[in-house]
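Per-entry structural report
Each chain is listed here by its residues.
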Amino acid sequence: MQPNEWRPMTNIAHECFGCGQHNHQGLKMRFFTNEQQVRSDLVIPGHLRGWSNLAHGGVITTVLDEVMGWAGMYLLNQFLLTRDIKVRFKLPVRIGEPVSVYGFIAEQKNDRQVVLAAELRNAKGQVAAKAEGYFALFSAEKFAAMNIMPADELERMKGMFSSVQREQMGVLQAESENAGA
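Here's a quick rundown of the structure.

With that settled, consider the packing of aromatic side chains. Enumeration over the complete set of coordinates arrives at 4 aromatic pairs. Between F31 and W70 the ring centres are 4.4 Å apart and the planes differ by 15°, which places this aromatic pair in the stacked class. Residue F31 is found in the loop between β1 (7-8) and β2 (32-33), and its partner W70 is found in helix α1 (residues 57-76); the two are separated by 39 residues along the sequence. In this structure, F31 and W70 share a single accessibility class: buried. One aromatic cluster is present, formed by F79, F138 and F143 through successive ring pairs. Here the basic side chain of R39 rests over the ring of W6, its NZ or CZ set 4.9 Å away from the ring centre. Its end group placed over the ring of F32, R39 keeps NZ or CZ at 5.0 Å from the ring centre.

So, on to the layout of surface pockets. Computed from the structure, the largest pocket encloses a volume of approximately 390 Å³. Together, 21 residues line the largest pocket, and C16, E66, M73, L80 and M157 are the ones closest to its centre. Top contributing element to the lining of the largest pocket by residue count: α1, with 5 residues. In the lining of the largest pocket, the residues fall into 15 nonpolar, 3 polar and 3 charged.

Taking 1.5 Å of rise per residue, the 20 residues of α1 would be expected to cover 28 Å, and the 28 Å separating its terminal C-alpha atoms lies within 8% of that figure. Just past α1, the residue N77 takes up positive phi, approximately 55°.

Once that is clear, we can look at the nonpolar core. In terms of nonpolar packing, the biggest core is built from 43 residues, with I44 and L120 touching the most fellow members. Taken together, the elements giving at least two residues each to this core come down to β3 (38-43), α1, β4 (79-89), β5 (98-110), β6 (113-121), β7 (127-138), α2 (140-145) and α3 (151-180). Sequence-distant contacts of I44, defined by excluding residues within four places in its chain, comprise A55, V59, I60, V93, I95, G96 and E97.

Now for the pattern of salt bridges. Per the stated rule, a full pass over the model turns up 5 salt bridges. For K109, the salt bridge is made with E107, and the minimal N-O distance between the two is 3.5 Å.

Before going further, it helps to examine the sheet that holds β7. Taken in spatial order, the 7 strands line up as β1-β2-β3-β5-β6-β7-β4 in an open sheet, and their pairing is antiparallel. Looking at strand neighbours, the two that pair on one side only are β1 and β4, the edges of this open sheet. Taken together, the 10 bridges between β4 and β7 define a ladder with antiparallel strand orientation. In the sheet register, L81 faces β7, and the bridge partner there is A136. Running at roughly 140° to β4, α1 makes contact with β1, β2, β3, β4, β5, β6 and β7 of the sheet.

Glancing now at the side chain of N23. Mapped onto the fold, N23 is located in the loop between β1 and β2. Apart from the residues within four sequence positions on either side, N23 is in contact with H14, E15, C16, F17 and K28.

Parameters at a glance
Chains are numbered independently. Their residues run from 1 in the order of the written sequence. Only residues with pLDDT of 70 or above have their local features reported here, since the model is predicted, and side-chain atom pairs are shown and tallied only from 80 upward, although totals for entire chains, interfaces and linings are computed over all residues. Side-chain numbers come from the whole structure's heavy atoms, not from hydrogens or water. The rule is short: rings of Phe, Tyr and Trp, with Trp giving its six-membered ring, pair when the centres are within 6.5 Å, and they are stacked under 30 degrees, edge-to-face over 60, tilted in between. Secondary structure elements are defined from DSSP: runs of H or I of at least 4 residues count as helices, runs of E of at least 2 residues count as strands, and each element is numbered from the N terminus. Note on exposure labels: buried denotes an accessible area under 20% of the residue type's maximum, exposed denotes more than 50%, and partly exposed covers the range between, all computed with a 1.4 Å probe on protein chains only. We call a charge positioned above a ring when the Lys NZ or Arg CZ atom is no farther than 6 Å from the ring centre and deviates by at most 35 degrees from the ring normal. Using a grid of 1 Å spacing that covers the protein atoms alone, one calls a set of points a cavity when a 1.4 Å probe fits there but cannot get out, and a pocket when the set is open and has protein on both sides within 12 Å along at least five of seven lines; lining residues are those with an atom within 4 Å of a point. Grid points are joined across faces, edges and corners, and a volume is the space filled by probe spheres set on the points. The nonpolar class holds Ala, Val, Leu, Ile, Met, Phe, Trp, Tyr, Cys and Pro. Asp, Glu, Lys and Arg form the charged class, and all remaining residues, Gly among them, are polar. Expected helix span is taken as 1.5 Å per residue step, with the number of steps being one fewer than the number of residues. What makes a nonpolar core is a set of buried Ala, Val, Leu, Ile, Met, Phe, Trp, Tyr and Cys residues whose side-chain atoms join them at distances within 4.5 Å. Note on definitions: a residue-residue contact is assigned when non-hydrogen atoms from the two residues lie within 4.5 Å. The term salt bridge refers to a side-chain nitrogen of Lys or Arg lying within 4 Å of a carboxyl oxygen of Asp or Glu. Strand pairing is assigned whenever DSSP identifies at least 2 bridges connecting the two strands. In this analysis, axes come from line fits to C-alpha atoms, helices being fitted only over the stretch in contact, and the angle between any two N-to-C directions falls in the range 0 to 180 degrees.

Here it is, written out as structure tokens:
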């Protein structure tokens, strides 16, 4: 996959405020990856406004946190939880206007902690907000022991990311076979 090729990602968290497609009050974010970053394109709806026609700062923070979470889970194939997040607002973000948000790994601290970063760009491509977050990393077994989600949901999430990895392995294998032909 080329760095400018974006492939859709599967989501099983249907009720999540950020990415749940069945959450009628949520953002309904959909994600794509180019294997180095995770991206979502969205329009922040009017019911999530702050002042006048501006998106609420807490909603912008949620969007940045959500893309960082997806980037960490997908790119590292681990479960994670946000420990700390720092957001910098640079330009106004208006409701009803398209934005794109990108998440990526900034620094792998160790096997228990990662620093993720995100940028929210407006329709002109300008960085309107950015974030850096410290995330705690967990194996599926440790996550299960914390009893954060039901076991069947945890298994579906594990399958969601491992199926993407199997798909990637198939693509890489096909590419290497074609290169040798």
